[in-house]
Amino acid sequence: MLKQRNLLGIRGMSAEEITHILDTAETFREVSEREIKKVPTLRGRTVINLFFEPSTRTRTSFEIAGKRLSADVVNVSSSSSSVTKGETLLDTARNLEAMSPDLIVIRHPSAGAPHQLARVCRASVVNAGDGAHEHPTQALLDALTIRQKKGAFRNLRVAIIGDILHSRVARSNAHLLTTLGAEVSVAGPGTLAPPEFAALTGGAKLAVGRRVEEAVEGADVVMVLRIQRERQDKGFLPSLREYAVHYGLNLKRLSLAKPDAIVMHPGPMNRGIEISSDVADGTRSLILDQVANGLAVRMAVLYLLGGGVGITSATPAPTAQAKPEAEGTPASAAEPLRTAVTAGGGGRAEGPDP
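The structure presented is a predicted model; accordingly, all values stated were derived computationally and were not measured.

Conventions adopted
- Residues numbered from 1 in each chain as written.
- Predicted model: local features only at pLDDT ≥ 70, side-chain atom pairs only at ≥ 80, totals over all residues.
- Heavy atoms only, no water.
- Axes fitted to C-alpha atoms, helices over the stretch in contact; angles between N-to-C directions.
- Helix = DSSP H or I, 4+ residues; strand = E, 2+ residues; numbered from the N terminus.
- Parallel < 35°, antiparallel > 145°, perpendicular 65-115°, else oblique.
- Contact = heavy atoms within 4.5 Å.
- Nonpolar A, V, L, I, M, F, W, Y, C, P; charged D, E, K, R; others polar.
- Pairing = 2+ DSSP bridges.
- Buried < 20%, exposed > 50% of the residue type's maximum accessible area, 1.4 Å probe, protein only.

*Asks:* Any details on the packing of helix α1 (residues 15-29) against helix α5 (residues 136-150)? Residues and values, ideally.
*Replies:* Two elements in contact, α1 and α5, have axes whose closest approach is 10 Å; the angle formed by their N-to-C orientations is 75°. Between α1 and α5, the crossing angle belongs to the class labelled roughly perpendicular. Across from I18, T19, I21, L22, D23, A25, E26 and R29 in α1, the residues of α5 making contact are L140, A143, L144, R147 and Q148. Split by residue class, the contact of α1 with α5 holds seven nonpolar, two polar and four charged.

Structure (structure tokens):
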């Protein structure tokens, strides 16, 4: 279990808490490789996905994560909610709360909306992105992807380039990566990479620049952010074509990074603008790995906040049937899959889907 009952942001989380989530996510990666991709750890729990912004990857990832944990998952979008009739967010939350859900996953265009819900709801609240504030599970899945390829974070050089001003991904990653000991450099046009961003982490290793080349040079990880076309009517950029020429990640700019540097993007991509197709589809790109790891991370978060059960409600299986822990895996991290196997979820069907 996590110390807190909600996941509202990365800021304020300790390195130990972050590592615990990543370790737990590693154990859930195996579930997606099974023939029967389901474990009973959240059976009887209800997860509500409350999305007030368009989303494909995050909403689908949370939905699949809940279902693979055997939870009952309900999806509510802004177009189908009573908000369209004038109901406030808090009234919507209170009505959902009356139905006794266990977890509420929310994405909202206003920063702080998940915090408002957490103050009035008994259910655990997970922030799936709030305005230009934070996107904690994206930062966690990025960290899991980096750890799988680079091992440790200490003194790792990470470049984050693009629309820093509006990016909740940049904020969550800045907090997480510096907490784990990485050196982070962000870069973009002056209108989209304000110098004040350097103060975000309270003096940790975070630098802000205007030249993408300086940030990418010698980097171990290059993280490209989406240019938010919906905001370009406000004059942040002269044109998208000019942005591609001066700030887009292409093979020439990538050659400034270390030879074994990896490329990441939270999606959706604007090919030919912030990233070229030969980079996005190249051998150093881990964009699809991020998507796969997103599912494992969200399973871990739902499990840890939802109080996953299974051992106490089932007859323990013989020791010979238990899946051995991977070498070096902490006992706490191995517990979810041990629970699943003990309860009969180690590859055997558990009856019809909920």
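From this point on, the discussion continues.
*Asks:* Break down the environment of H20 for me, citing the residues and quoting the values.
*Replies:* Here H20 is to be found in helix α1. Separated by 18 residues in the primary sequence, H20 and L2 place their C-alpha atoms 8.3 Å from one another.

*Asks:* Go over the sheet that holds strand β3 (residues 103-108) with me, naming the residues and quoting the values.
*Replies:* Strand order across the open sheet formed by four strands is β2-β1-β3-β4, with parallel pairing between neighbours. Each end of this open sheet is capped by a strand with a single partner; those strands are β2 (72-77) and β4 (124-130). Sheet twist, expressed as the mean angle between neighbouring strand axes with direction ignored, is 15°. Pairing analysis gives five bridges linking β3 to β4, with the strands arranged parallel. Bridging across to β4, H108 finds its partner in D130. On top of the sheet, helix α2 (residues 57-68) reaches β1 (46-51), β2, β3 and β4; it is set at about 175° to β1, its chief contact.

*Asks:* Please provide a residue-by-residue account of the environment of P114, values included.
*Replies:* Inspection of the secondary structure puts P114 in helix α4 (residues 113-120). The class of P114 is buried, set by a relative accessible area of 0%. As for P114 and D130, which are separated by 16 residues in sequence, their C-alpha atoms are 7.2 Å apart. With near-sequence residues (within four places) excluded, P114 lies in contact with L8, I106, V125, N127 and D130.

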